[in-house]
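Chain by chain, the residues run as shown.
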Amino acid sequence: MSALFILVIASLLVATGFLVAFIWSIKNNQYEDFKGSSWRALFEEK
Amino acid sequence: MHKADDTAIECHHCGAHCQFGIVTFDNYPFCCEGCKLVYELLKNNDLCNYYALAQHPGLQQIKPSTKEKFAYLDDPQVQQKLIQFTDQTISLVEFYLPNVHCSSCMWLIEHLNRLDKGVLESRLNFGKKTVQIKFLNAETSIRKIVSLLSMIGYEPYISLDDVIHKEAKNSSLDKSKIFKLGIAGFCFGNIMMMSFPEYLSDSISTIEQHYTSLFRYINLLLSLPVFFYSASEFFITAWKGFQQRFLNIDAPIALAILITFSRSVYEIISHTGAGYLDSMSGIVFFMLVGRVLQERTQASISFHRNYTSYFPISVSIIKEEEVSTKQVSELRAGDRILLHSDEIAPADCIVKKGTAFIDYSFVSGESTPIRIKENELLYAGGKQISDTIELEVVKPIEQSYLTSLWNHFSFTKNKEEENKRISFIPVLSNYFSSILFAIAFLTAVYWYFVNPNFILPSVSAVLIVACPCALLLTSTFTNGIMMKLLSDHGLYLRDASVLEQLSKTNHIVFDKTGTLTHGHYLKKLSEYASLNDAQKSWIYSVALPSQHPMAKALCTYLGKQEVCPVSNWTEVIGAGIMATVAEKNIQIGSKGFINAKQDVTEANLWIAIDGEIVIAFESISQLRNDLPSLFSRLKNRFQFSLLSGDNEKDKALMQGIFPKEAILQFGQKPLDKLNFIEGLQAQSKRVLMIGDGLNDAGALQQSNVGITLSENINNFSPSCDAILDAKQFGQLPNLIKLARFSNTIIAITFFISILYNIIGIGISVQGKLNPMIAAILMPTSTISIILLTTGLSYWGAQHFFKATTT
C-alpha cells in the first residue's frame, strides 16, 4: 500500500509541472496574439 | 492612359479599381503612382512576398502626405514621450497602426529592416495592431521610421495623451487574473481527486486511517493558494465596501469562503471530518471563470477618447519669417501658425492670410463647408479643406469654444461606477443576504432549543451552501457571453454594466448627419432637359478624378460612362472643377463658379458646357438603408428624438421617416444636445443616444447609453459606452432585443439557482450536510447553470437574428 504514497506525490508533482508550464506560457505572452503567431509560423525566410 | 472599359482592372498593390487610368509597371497594373512607388520599393528590396501572401494587400496611396508632417518627431521632448526604452545605441518605440489588416501587412512590417537598415527588429501584435520597433540611434530616427511606415501605407496613429499606454497597461493587469484562475483550477481539480476516497469511505471501509489524513492534509495544503491568492480579490473588494459601510456583492461570498475555510481547517486538524475545501475551491474557480469571461474586452477598440485624440500633436509655426514646429499644448495667444490642407485647427484663431474653407462637421455636425474671410474667427476643431492658410492664435486649446464642452460637469462623473451602483444585481443580492442571514439565525435558534451541539455545524453549513455565487455566476456568465454575441453582430460594449442599462432604455435620440444619413445623392431639377450620351461621358470624365463628395455623387448619378481624354483639368477647392473634353469647356460647381444668372434656390450643383448651363442638381441627404423598418420595429417600446447640428433643409425628409410624435430639433450645438438629453432624463426617461461625431460627445456622455456609429470600428470615435458598426445599423432592434433577453436569462437561471439553494439549505438546516452531498450539489448546480445560460444566450442570438437575415 505504500506505493500509493509515492503515486500520490508523483501525480501531484506532474500536475505542478503543468501548472508551472501554464504560468510560464502566460508570462511569455503566448496568448497575446493568436492570429499573428499562427501566421508568423508560416512565413518563409529567404 | 487606357480607356474606360479598363475600370474592371484591379490595382496590383491595393486592389482598387483603376478608375483614373492605369499606371503599368513590371507588367502589373497600378491605380496610381503611389501604389507603383510602394511596389517598386518593395521589389527593389526583395519583398515581393508581400503580394504572395494575400491578394492585393496594399492600401490605396492616392493622398500623399506632406514631408513636413512628421517634422515634430525630431523634437526631443516628443521623442521622450514615445520612446519606451533607450540607451546610447538602441531605442525601442511602440506604435499603433490602425491600417494593419492581413497577413501580408504583418509580413511586410516584420521585415521593415530590409527597407531601413537602422531597424533591428520590428514585431507586430496583430490583435492589438501595435508594432514594437527596435532601432539603432545612429542609423535612423523615429521620424524616418514613421515616414517609411506612412509611405508603405501604415501610418502610425500617434497621440501624446497616454490613453493608449494606459489601455496597454490594463491588459497586463488582466494577467494576474489568469494566474489566479489557473491556480484555482489546478487546486480545485486536485482537491476533488484527493477527496474521492473520502466520498466513498462510507461504503468502503478498507481505506486506512493514515491515508485518510494524508489526503486531508494534501487538500489543506492545496487550498492555501486558493484561499490566500486566488480568492484575494473577493476579500479586498468586500473589505473596501465594508470600510465605506456598504455591503457589496462580494461581501457574502467572502464570508462564505472564510467560513468554509475555517470550518474545514478546524475539522481536519481536530480529525473530526474532511471539511469542504473542494466546494470552496470550486466556488472560487467558477467565480473567477465568470469574471474573466465578463471582463474580456476588445483589445483594439478604444472607448475613452476625448478631443485631444483628434487633434494634431504639433503645428507649423511662423516666427520671424521662419517655419518651425511647436507642440499644440504649448501654443500661446498671438502665435502665427500655418494650417495645411486637411489639417484641423488646434485653437481658436483669426484668419490672417489665404482663403479658409472650413468643414465644421467634426464640431457642429453641419456638413456644408463654410468660407471664412481674412480677419474672421475660426474655431478650434474646424478642418481646412482648401490650400494652406496663415492663422493667428486667439485662445489656446484649453480655453477654446470646443473644449469648454469638456469642462461641463457631465464629463467628471464616472459612468462605469454609476452603472454599477444602479444595477439590479446589488439590490437582489441585498435581499438575498438578508434572507440568508435570517435563515441562519432561525436555524441557530431552533438548534439552541433542540440540541445546542448542532448550532455551529448547521449554521456554518447554511452559509456555505447558500453563498450567492449562483446569482453572481448567472450574471457574469450571461453578460460575458452576451457581450461576445453582440460583438459578433457588430455592437461592441465598453463593459458589462452597459448591457443592463441598454435593456432599460425607452427613448432613442438620433443624430442626423453621419448617423441617419450618410453622404448625398443628387436630384435633377426639372427645369432642365436630360443629358445626351456624349454629354454624360464628358461630365463623367471630368468629375471622376475629384475626391469631392459632390463629384462622387455626380458619378454615381451618371452611372458608368465612357471615359474621354481630359485636358486642362483644374479643381478650385470649395468652388468646382473645370476641364476641356472634346474641345468643349466643362464646368462643374457652385453657382458662383459657373456664373449662373438663373435663380433656382434649391440647386447647389451646376454644370455648364461652353458657358451654357445644361443641368442643375439639388443634393439630398442619403438615408441609411432600413430606416423606415427600423422605426416600425422599435416604436412599440421607444419614443424618438432627432438632434441635428445641421440647418432645417432636411426637415421634411426627416418628418417623413420619423413617427409623428417624435421631437425633431435642428441647429443644435453640442451643449444644446447635452441639455436636451438632461431634460429628457428629468422626465425620468432612460435615453439611448446614437451619434457619430465629436459634436455628439456631450450627448453621448450624458445619456444613459451612448452608442457611436462607426464606418470602421478601428477609427477613432468619441468617448462612448458602445460602438456600433455602421453596416449593422439595421440590426439595432435585434441587438436591443438580445440585450433585453439577457435579463430574462438571468432571471430564469437565478430562479433555478434559488431552487438549488432551497434544496441545499433544506438539508443543511437539519444538520445533515456531509461533504459528499456538498461535493455533488456544488458542481452540478454551477455547471448546469453555466450550460443553461450559455445555451439560452446562443439560442436567443439565433432566434433574433434569423428573422431578418433570411
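Only a predicted model underlies this, so the values are computations on that prediction, with no experimental measurement involved.

Trainee: Sorry if this is basic, but what is going on with the sheet that holds strand β4 (residues 90-96) of chain B here?
Mentor: Pairing between the strands of a sheet is mediated by backbone hydrogen bonds and can be parallel or antiparallel. Residue and element names in this part refer to chain B. An order of β3-β4-β6-β5 is seen for the 4 strands of this open sheet, with the pairing classed as antiparallel. With partners counted over all chains shown, the strands left at the sheet margins are β3 (83-86) and β5 (119-125), one partner each. Averaged over all pairs of adjacent strands, the angle between strand axes in this sheet comes to 15°, irrespective of strand direction. As paired strands, β5 and strand β6 (residues 130-136) are joined by 6 bridges and run antiparallel to one another.

Trainee: Could you clarify how one ought to interpret the sheet that holds strand β11 (residues 356-359) of chain B in this entry?
Mentor: All names here are of chain B. Overall, antiparallel pairing links the 3 strands, which are arranged β12-β11-β14 in an open sheet. Every other strand in the sheet has two partners, leaving β12 (370-372) and β14 (383-384) as the edge strands with one partner each. As paired elements, β11 and β14 share 2 bridges and run antiparallel to each other. Of the residues in β14, the one forming a bridge with Ile 358 is Gln 384.

Trainee: How should the interface of chain B and chain A be read in this particular structure?
Mentor: Buried accessible area, meaning the area lost when the parts come together, often serves as the stated size of an interface. Contacts between the two partners involve 31 residues from chain B, matched on the other side by 25 residues from chain A. If you sort the residues of chain B by the area they bury against chain A, Phe 179, Phe 186 and Tyr 211 of chain B come out on top, with a joint share of 23%. Along the contact surface separating chain B from chain A lie 1 salt bridge. Among the ionic pairs, Arg 40 of chain A bridges to Glu 110 of chain B, the shortest N-O distance being 2.6 Å. Broken down by secondary-structure element, the contributors of at least two residues to the side of chain B that touches chain A are α2 (49-53), α4 (103-110), β5, α6 (163-199) and α7 (209-230) of chain B. No other element matches α6 of chain B, which puts 9 residues into the side of chain B that touches chain A. Residue classes in the side of chain B that touches chain A are distributed as 17 nonpolar, 8 polar and 6 charged.

Trainee: Sorry, what's going on with the environment of Glu 121 of chain B here?
Mentor: All names here are of chain B. Turning to its location among the elements, Glu 121 is positioned in strand β5. Of the residues examined, Glu 121 reaches a relative accessible area of 36% and is grouped as partly exposed. Put simply, Glu 121 and Glu 110 are 11 residues apart on the chain and 7.4 Å apart in space, counted from C-alpha to C-alpha. In this structure Glu 121 touches Gln 132, Ile 133 and Lys 134, once residues within four positions along its chain are discounted.

Criteria and thresholds
- Residues numbered from 1 in each chain as written.
- Chains lettered and ligands numbered in written order.
- Predicted model: local features only at pLDDT ≥ 70, side-chain atom pairs only at ≥ 80, totals over all residues.
- Heavy atoms only, no water.
- Pairing = 2+ DSSP bridges.
- Helix = DSSP H or I, 4+ residues; strand = E, 2+ residues; numbered from the N terminus.
- Axes fitted to C-alpha atoms, helices over the stretch in contact; angles between N-to-C directions.
- Contact = heavy atoms within 4.5 Å.
- Buried area = accessible area lost by both parts, 1.4 Å probe.
- Salt bridge = Lys/Arg side-chain N within 4 Å of Asp/Glu carboxyl O.
- Nonpolar A, V, L, I, M, F, W, Y, C, P; charged D, E, K, R; others polar.
- Buried < 20%, exposed > 50% of the residue type's maximum accessible area, 1.4 Å probe, protein only.

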